[in-house]
Amino acid sequence: MSEDMRYLTFALGKGRLAYKTLDLLEKIGITCEEMKDKDSRKLIFVNEELKLKFFLAKASDVPTYVEYGAADFGVVGKDTILEENRKVYEVMDLGFGKCRMCVCGPASAKELLQHHAMIRVASKYPNIAKDYFYNKKHQTVDIIKLHGSVELGPIVGLSDVIVDIVETGSTLRENGLEVLEEICPLSARMIVNQVSMKMEADRIKEILQALKAQL
Ligand code: PRP
């Protein structure tokens, strides 16, 4: 490993995806022991031998770090990639974190969707909701941005439906809601900075190939 080799940096979305990503990287010989300590408040970790750095960020910020080149690689859900719409290359489906983006609500809201009624849609993903209703369905709706517990929307009368992630469906079931329409499948993806892809092509391709072989 040459002395002047620059560090390649990974931005990982905090939480479950980050731990699954570390497991996957470990399988291809990329380790970062100190990052696995869940109690640590440290934000950035270094593997000196491989000249790699890792940091954990809020998932919605990962595409931003990658677009600006503060990170060469990012791992984040397809939901975040679609919502943030940053200039990055999406290079690989990592196959974990599988779930679906759906329009959900009480069964009674089905009719409102069919009749293209002017409805209220609550979501943590206003851009995905807008794209789906305006560009795909050609339905004018009122989109209300929420930051979590979106299922409350139809329950307390804030909105008619929600656009949200469904994994097992248990949150919906326990709250008397159901999937009304499916927007798209989701999973963890690897993204790469567009300049890094050219400037560090060899090192990046080597990592991507090792990952592909592992998946
Ligand atoms: C996500 C999502 C749903 C739930 C879906 O919420 O927004 O609420 O998980 O999973 P399920 O189909 O397996 O029940 P998250 O836990 O991220 O928290 P939030 O509601 O605060 O966004």
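Residues numbered from 1 in each chain as written. Predicted model: local features only at pLDDT ≥ 70, side-chain atom pairs only at ≥ 80, totals over all residues. Heavy atoms only, no water.

**Comments concerning the sheet that holds strand β4 (residues 73-77)**
As a reminder, the rule being used: Here the rule is simple: two strands pair whenever DSSP picks up at least two bridges between them. Helix and strand labels come from DSSP, where a helix needs a run of H or I of at least four residues and a strand needs a run of E of at least two; each type is numbered from the N terminus. Orientation is described by lines fitted to C-alpha atoms, with helices fitted over the stretch in contact, and by angles between N-to-C directions that extend from 0 to 180 degrees. Throughout, a residue-residue contact means that at least one pair of heavy atoms, one from each residue, lies within 4.5 Å.
With respect to topology, six strands assemble into an open sheet ordered β2-β3-β1-β4-β11-β5, the strand pairing being mixed. With partners counted over all chains shown, the strands left at the sheet margins are β2 (44-47) and β5 (89-93), one partner each. Direction aside, neighbouring strands of the sheet carry axes that sit 25° apart on average. Judged from the four bridges that link them, β2 and strand β3 (residues 52-57) form a sheet pairing that is antiparallel. Its bridge partner lying in β3, valine 46 is registered against lysine 53. Relative to the sheet, helix α1 (residues 16-27) contacts β1 (8-13), β3, β4 and β11 (188-192), its axis offset from that of β1 by approximately 140°.

**Considering the domain arrangement of the chain**
Note the cut-off: Domain start and end points were adopted from an automatic or database domain assignment. The term buried area denotes the loss of accessible surface (1.4 Å probe radius) that occurs when two parts are joined, taken as the sum for both partners. Throughout this description, the term salt bridge denotes a Lys or Arg side-chain nitrogen within 4 Å of a carboxyl oxygen of Asp or Glu. Here a polar contact is recorded for every N or O atom pair within 3.5 Å, except that within protein the pair must consist of a potential hydrogen donor and a potential acceptor, and residues adjacent in sequence are included only if both atoms are side-chain atoms. Three categories are distinguished: nonpolar for Ala, Val, Leu, Ile, Met, Phe, Trp, Tyr, Cys and Pro, charged for Asp, Glu, Lys and Arg, and polar for the others, with Gly belonging to the last.
What the domain assignment lists for the chain is domain 1 (8-97 + 187-214) and domain 2 (99-185). Taken over C-alpha atoms, the centre of domain 1 sits 30 Å from the centre of domain 2. On the side of domain 2, 10 residues touch domain 1, which itself brings seven residues to the contact. Carbon and sulfur atoms make up 47% of the area that domain 1 and domain 2 hide from each other, which totals about 660 Å². For domain 1, the biggest contributors to the area lost against domain 2 are Asp79, Leu82 and Glu83; these three give 69% of the whole. Inspection of the domain 1/domain 2 interface yields one salt bridge. Notably, a salt bridge pairs arginine 16 with glutamate 167, separated by 3.6 Å at the nearest N-O pair. If you look at where domain 1 meets domain 2, you find four residue pairs in polar contact (both at pLDDT 80 or more). The element best represented in the side of domain 1 that touches domain 2 is helix α3 (residues 78-84), accounting for four residues. Classifying every residue of the side of domain 1 that touches domain 2 by side-chain character gives one nonpolar, one polar and five charged.

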